[in-house]
Amino acid sequence: MSNWIARGLRRGILTTSYPRRDDAMPPTYRGRASVTSDDDAASLERGAAACLSAAIRVDGTAILAERCFQCGECARAAPSAFATTNDHELATVGDADVDAARERLRKRAAAFGGSVHLRHVDCGSDASTEQELQAIFNPFYDVNRLGIFMTATPRHADILVASGVVTHAMIEPLRRAFEAMPEPKIVVALGSAACSGTIYEEGAVAGAVDRFLPVEVKIPGTPPAPLTIIHGLWVALGRATARRGVRDL
Amino acid sequence: MIANLRADEAAELATLKVRDGARFLWLFCERVGDATIARYVVDRQGRLESFEGVATPGTRSLSKDVPASRWYEQEARYRYGVDFGGPSDEPSIVKAPEADAERMRRALGDEVSTVLYGPIRSGIVESACWVIETAGEDFICVHPSMFFKHRGLEKRFEGVRLELAPLIAEHVSGVTPSSHATAFCRTVEAALGIDVPKRARAARAILVELERIHQHLDSLAKLADDGSLSVGSALTFAAKERVHRMLCDATGHRFARGSICIGGVREDVFSSLSQSAVRMLDDVEREALSALEGLFGTQSLMDRLVGTGRLSQRTVSDYGGVGPVARGSGVVNDARLTDGWLYTRLEAEEARETEGDALARARVRETEIRRSFQHVRNMLDAAPAGPYRTKLSEGSLRGEAAAFGRVESPQGELIYFVRYHNGLHRVAIRSASFANWPLFVPSLPGNIFTDFSFIEHSFGLVQAETDR
Amino acid sequence: MTPFDLTFAALAAVIAGVVVSFAIPGAAGRRTGFCALAASGAAATWAGAYGLLSRSTFVAGGSEMHVVLRLDALSAAFIGIIGAVALAAGLYGIGGKSDDERRTGRTAASTACAIMLASLLICLANDVYLFLFAWELLALSFYWAIAYAGTDDSAPIAGFFTLAVTHVSAAALFIALLIMAVSGSTVQDALAGISTVSAAAKSMLFVLMLIGFGGKIGLLPLQGWLPYGYRAAPSVVVALMAGGALNVGFYGILRFIFGIPSPAPLWWGLLVCSVGAVGAILGIAGAAAQRDARTLAAYSSIENAGIIVSALGIALVGRSLNLNLLVGVGIASALVQIAAHALAKCTLFLGCASLGSRAGSTSFDRLGGLARSMPVTTAGAIVAAFSLAAIPPMGGFAGEWLVLESFMQAFRTANAAVEVTFALCAAAIGIAAGIAIVAFVKFAGIGFLGAARSDDASSAQEGPALGPVAIALSAGGVFALGVLAGPYLRLLAPAIDGISHAATVDAMLAEPGIIQPAFHGFSSVSPLGLGALIAGFGLIFALVARLFARPSRRRTAAWTSGEPYRPWTQYGGTGFANPTRVILDVGIRTTRSIEELEGQGVRYESATRPFFDITFYRPFVSSALRISAAVRRTQSGAISAYLTYILIFTILLLVFYPSLRHW
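Residues numbered from 1 in each chain as written. Chains lettered and ligands numbered in written order. Predicted model: local features only at pLDDT ≥ 70, side-chain atom pairs only at ≥ 80, totals over all residues.

Counting secondary structure elements, chain A contains eight helices and 10 strands. Compactness check: chain A gives a C-alpha radius of gyration of 19 Å against a globular reference of 18 Å for 249 residues, within 12% of the reference. Viewed in the frame of its principal axes, chain A has a C-alpha envelope of about 60 × 45 × 40 Å. By the burial criterion, 53% of the 249 residues in chain A qualify as buried. Restricting the contact set of chain A to residue pairs at least 6 apart, pairs at least 24 apart contribute 81%. (Helix = DSSP H or I, 4+ residues; strand = E, 2+ residues; numbered from the N terminus. Rg over C-alpha atoms; globule rule 2.2 N^0.38 Å. Buried ≥ 20, exposed ≤ 12 C-beta atoms within 10 Å, placed from the backbone. Contact = placed C-beta atoms within 7 Å.)

Listed as interface residues are five residues of chain C and, on the opposing side, nine residues of chain A. Classifying every residue of the side of chain C that touches chain A by side-chain character gives two nonpolar, three polar and no charged. (Nonpolar A, V, L, I, M, F, W, Y, C, P; charged D, E, K, R; others polar.)

Time to look at the domain arrangement of chain A. Residues and elements named next belong to chain A. Taken domain by domain, chain A holds domain 1 (33-84) and domain 2 (92-236). Averaged C-alpha coordinates put domain 1 and domain 2 at centres separated by 27 Å. With eight residues of domain 1 in contact, the opposing surface of domain 2 contributes 10 residues. A breakdown of the residues in the side of domain 1 that touches domain 2 according to their chemical character gives four nonpolar, two polar and two charged. (Domains from an automatic or database assignment.)

What follows concerns the sheet that holds strand β6 (residues 116-124) of chain A. Residue and element names in this part refer to chain A. In spatial order, the strands read β5-β10-β9-β8-β6-β7; together these six strands make up an open sheet with mixed pairing. Strands at the two margins of the open sheet, each flanked by one partner only, are β5 (92-93) and β7 (148-150). Where β6 and strand β8 (residues 159-164) come together, six bridges link them in parallel fashion. Looking at the pairing, His-120 lines up with Val-161 of β8. (Pairing = 2+ DSSP bridges.)

Here we come to the packing of helix α15 (residues 375-388) of chain C against helix α17 (residues 416-448) of chain C. Residues and elements named next belong to chain C. At a minimum axis separation of 9 Å, α15 and α17 run at an interaxial angle of 175 degrees. Looking at the two axes, α15 sits roughly antiparallel to α17. Side by side, α15 and α17 meet where Thr-378, Ala-381, Ile-382, Ala-385 and Leu-388 of the first sit next to Ala-436, Phe-440, Phe-443, Ala-444, Gly-447 and Phe-448 of the second. Tallied by class, the residues present in the contact of α15 with α17 amount to nine nonpolar, two polar and no charged. (Axes fitted to C-alpha atoms, helices over the stretch in contact; angles between N-to-C directions. Parallel < 35°, antiparallel > 145°, perpendicular 65-115°, else oblique.)

Across the six residues of β8(A), six count as buried, placing the element largely inside the fold. This β-α-β element, β8(A) to helix α6 (residues 171-179) of chain A to strand β9 (residues 186-190) of chain A, shows right-handed connectivity. (Right-handed = clockwise from strand over helix to strand, strands pointing away.)

Take the nonpolar core next. With 235 residues, the main nonpolar core has Val85(C) and Ala89(C) as its most contacted residues. Per-element tally for this core: the top contributor is helix α14 (residues 324-358) of chain C, with 22 residues. If near-sequence neighbours (up to four positions away) are discounted, Val85(C) is found in contact with Ala239(C), Leu240(C), Gly243(C), Gly244(C), Ala342(C), Leu343(C) and Cys346(C). In terms of nonpolar packing, the next biggest core, distinct from the first, is built from 232 residues, Ala177(A), Val187(A), Trp130(B) and Val175(B) among them. (Core = buried A, V, L, I, M, F, W, Y, C linked by C-beta atoms within 7 Å.)

Time to look at the confidence of the model for chain A. Scored by pLDDT, chain A has a mean of 87; 96% of the residues are at 70 or more. The element-level mean pLDDT for chain A is lowest in strand β3 (residues 62-63) of chain A, coming to 78, with helix α5 (residues 128-135) of chain A highest at 95. (pLDDT = per-residue confidence, 0-100.)

A few words now on the pairing of β9(A). All names here are of chain A. Burial analysis of β9 places five of its five residues in the buried class, the great majority of the element. In this sheet, β9 lies alongside β8 in parallel orientation, the contact comprising five bridges. Paired with Ala-162 across the two strands is Ala-189, which belongs to β9.

Let us look at the packing of helix α1 (residues 3-23) of chain C against helix α4 (residues 106-124) of chain C. All names here are of chain C. Interhelical geometry of α1 versus α4 gives an angle of 150 degrees and a closest axis separation of 8 Å. Compared by their axis directions, α1 and α4 come out roughly antiparallel. Read as a crossing pair, α1 and α4 show a hand that is left-handed. Between α1 and α4, the residues in contact are Thr-7, Ala-10, Leu-11, Val-14, Ile-15, Gly-17, Val-18, Ser-21 and Phe-22 and Arg-106, Ala-109, Ser-110, Cys-113, Ala-114, Met-116, Leu-117, Leu-120 and Leu-124, respectively. Split by residue class, the contact of α1 with α4 holds 13 nonpolar, four polar and one charged. (Left-handed = near helix turned anticlockwise from the far one by under 90°.)

All right, on to α15(C) then. Residues and elements named next belong to chain C. If you check α15, its first and last C-alpha atoms are 20 Å apart, about what 14 residues at 1.5 Å a residue would give, namely 20 Å. Among the 14 residues in α15, 11 count as buried, and that is most of the element. If you check which residues of α15 are buried, you get Thr-377, Thr-378, Gly-380, Ala-381, Ile-382, Val-383, Ala-384, Ala-385, Phe-386, Ser-387 and Leu-388. Tucked into the core, α15 has its buried residues touching α13 (293-320), α14, α16 (395-407), α17 and α19 (466-483). Remark: Ala-390 follows α15 within two positions and exhibits a positive phi of approximately 60 degrees. (Expected span 1.5 Å × (residues − 1).)

Moving on to the interface of chain B and chain A. Listed per partner, the contact involves 50 residues of chain B and 49 residues of chain A. Elements supplying a minimum of two residues to the side of chain B that touches chain A: α3 (153-156), α4 (165-172), α7 (230-251), α8 (269-296) and α17 (463-467) of chain B. Broken down by element, the side of chain B that touches chain A gets its largest block of residues, nine residues, from α7(B). Classifying every residue of the side of chain B that touches chain A gives 20 nonpolar, 18 polar and 12 charged.

Looking now at the sheet that holds strand β7 (residues 129-134) of chain B. Residue and element names in this part refer to chain B. Here three strands make up an open sheet; going across it, the order is β6-β7-β8 and the pairing antiparallel. Edge positions in the open sheet fall to β6 (113-117) and β8 (141-145), since each of these has one partner strand only. Taking the axes of each pair of neighbouring strands and ignoring which way they run, one obtains an average angle of 15 degrees across the sheet.

Residues and elements named next belong to chain B. The end-to-end C-alpha separation of helix α6 (residues 198-226) is 42 Å, in line with the 42 Å expected for 29 residues at 1.5 Å each. Within α6, 28 of the 29 residues are buried, which leaves it mostly tucked inside the rest of the structure. Two residues or fewer past α6, Ser-228 is found with a positive phi of approximately 60 degrees.

Following Tyr18(A), the chain continues to Pro19(A) via a peptide bond in cis, the omega torsion being 5 degrees. The omega angle of the peptide bond from Leu220(C) to Pro221(C) is -5 degrees, so this bond is cis rather than trans. Structurally, Pro221(C) can be placed in the loop between α8 (199-217) and α9 (225-232). Phi at Ser228(B) takes a positive value of approximately 60 degrees, unusual for a residue other than glycine. Tracing the backbone shows Ser228(B) in the loop between α6 and α7. In the Ramachandran plot, Asn422(B) falls in the positive-phi region, its phi being about 55 degrees despite a non-glycine side chain. Secondary-structure assignment places Asn422(B) in the loop between β12 (412-421) and β13 (424-430).

This is the structure in structure tokens:
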């Protein structure tokens, strides 16, 4: 019979203290893509053409984090204009005033007490978001220490985590899951496809989650790394400030 | 490939080949102008042969002679309106919005009650629905209702620049992006006659093997979780995490997306993998093997897996099973063996079990993990020199061609088809998960409800690549 | 008016009922018959209570005619219970014809009256021949009700089966009683006459009487006819059969077996306890596997018969060891359990009659969703289910508590055999109580709660007024018996103390408000207190929920994994009881068959065969048939054979007559 106690003790503590203490992804990680210089219009055009999900707006140059699926093609096509950083804190909220948003979320999360329960709904993801969401419970991240737990039924859930672009067949199940949750509740769109629908075509899928449910927090990433997810949940609980939410056109 | 036939004749040819011992692989359709072309693909002694013909109303159905064709016919019926063998009273696997689960019930008898399991199930799982008819805790009839996650990806490829197209392939299954990107790239390279340098092929192979390791660890960790072995599950997930960290260190993405392109790899992935391996591979391997040792030494978990979800060799070959699911029942059809794929010293018999139960499939995965680590080390040691990418010239991108490409993904044999006419015209994907799902239903009778998740995780299939 | 006058009134009413329901055609005849039944029931209940309170014995009749009626405390106790059940059944019957009564339903009414008549006569008979006449009348009424009064297809077979088993046991009873009647035809003389007989003969009489009375109550191994009989007869009549007439078997045991003059060997009591305990487990195991409410109730009757009989076994043991208090507590627990079971079973079968007529079926696979549309029937069924599953504060709890407490007095006997047997029997009855919970949650939950499983069930409605009134009355009786168990024991004191020859009830009710199992300081329960506590907590909880309820409330659909809610995704009865069925497979052999239908799917069927049917009845019947086939060969019809028989017999007579004369 395997001696699991010895096995566990031998490894010591693997868990990160994030978000209470800082932690970062490795320097090679392709996290947030950013515009380094907007002088050369040709470079900007080239980079924008390299983006399959149309995340780059050339006029008033910006990269819509919610549409970015972290391929790095813009940086490869136009290295002078675009670059990727290993910044993993990507979560956005809908309000322009991020501090007011944080306050509102904090007040509501206070009703949850010390712990919050997540209910996950897969609306049409590519399966990687699920495995990264599962990863936040592994010994390296262990979100249970932060009071975040999974629940099997929406009746007990506080936060609805919707991953993947919403397909036609999943519209009603998603709505039913939202209906089945008691107030107060928060909807979090997990993954760039859930936030914006990235590369998926309009008719083939039904759209991003915020077309069907009131999404409070969007966590971009394809898939979002565990640290990104933890940061996003922390924003949803009003304990961290999101970066500004940029509305999709 | 033989053209200008009717679909009936193509079906007939395919059936003859199957009777001769070929393995039925795939049936898919294509709209060419007004006509719908049906394409039958078989594997004869390691070589792919396909027969296409124009589908007419009343095209004969193969599903009685070749059970492996059933699900392909159903999807074609739904998506392309081809009615194979006339109207079918078989419950459709495709979850159309109008489809009512009531019509799927097939077991008569007052005592039978029906459970609708899905699409939103408990835990962090992908969406799929199962209509389970039971008299208590057993499985009398089970009907899958899938394609909740259909995202229209095959169509998305059409007209996309070749430079960016592999990124779409990576979206088909986000957990096995290297296998999908490699399969897609190989297919296009075969169609356009593009040669890929050895260094790139080695890099691709290493990524696919590392992918195999983290997906198999995922399946075993979930089995441990089902068996309430919390520490075992946690340590196995931790081992998987280490693989992802190594991939992130080497390629900048935890699942290694964005590395593979047509003609090779985007950067010198091979050297970054070598550098990461020097620092991290020993730890990754040690932790993975230690977790495996622990899991297989836990009798309570082994007891749950023995005899669960048994599949006979006959059933697996009839339904065309692939990958670890097929190996568990003694059927080996590894794409690495047939496609001359840089694997030295890969033996066909190595990861082969005969029991056909969940434990056999778990043991297959265990062996494959061990062997994958060895393959990775062998390939890193071989260190082929040279360029890591063949540049695509404008001329090479003109032409008209079609080709197939195969890769052994963690779930099994993955096949891509590309029809190219100065641009991507039709991309069709036959994922290993789609090939293996039909085996799930025959594996259930004789088990009870609580065995469902054990069997599901012992199959280790990905819904995203099934529904596309 | 003396109690005796009331009993005469009851008898007269029910005789009139039999006659009238034959004479007057159509629904009027039926209704008059049930009126007579109800009137008789009312009179009998009153007579029983009055008789117990008056604490005197009444005799009437002449022994030359062999018609002697005697009303003492024991008779009064039983007449009271039977009367209460008859009253409820009669009221229900007046309410309207149920669908399971054949044609005009007059047969149902007349058989019910006949059953009541026979039961009353049995309880009142003081003459052995009258007793046997009434016993046979009861058996024939049962047959008549099962074979002719109902609409079920199984009626002829069920009737024959009942007749066969009842007569096998009646044969044993006849032999025993007729032997006893040699000493004198009144019951007292007959019993007194056995005191001179040898111990072996006494034991033989005991076994014969046990078989005789056991056949009526469904004691192992004579219980096979109950499920068939209770299913075939109309449920209104079955309410009387199962709730009322069944008890005459217990009466017989108390009158005759306890009447056998001491000393009684110890093994009598131990045998009775063991047979009862085994019967209890096998009975309830069968109940959990049933798909039809009536057969579930029938198997529950087998279980309760086992429990009551084992309580009587405790009393027999006490008698052998001269522990009068043990005798008393055994009889007290048996009587309370008898009353609780009678009323609960009556409610259950009246509920089944309602289900059959209003909800279209008594099969669990077709019921459900009746809580709003048939509230009284549902409430009554739940009360009865609670009682039979021994949940406080119902009568069944009081009864089973007393039985188990009586078993625990084994240490007072200082006898190893008794202590071991009592421990095993108590464990068996405890297990039976546990399985009973599964069976009755299935009955109440699958049968009445949840959503409707068929169109008939979804369009069900409560019946005409008197039906629900009758159900409410008997359910109320179950509840009252539970809460007022103490006063009921006080009422039964003359009966209990009369047989135990000790002031049992005084010992049990020594302290106010609680009941103790006769021996002081061992244990106690306060049914009234429990009832008050349960009601009190319920009230407090409801108040707290109301006062502190969150202001926001939203109605939304049930969560079914994202699919829309569909009523046919409910669990069925078979599924619910499946784990129990699997575990108890040794007792209830289940066969399942899955048959592939051409292109249509599969058909799933399962059937349960009780263990006893396979291992006991089948071999018994086939060997009996073999023997009779062999014997039939002597009746060849050839005259030469018969002449040979006469010749042989004459020779034998000549040879042995001299020695016979001396014997």
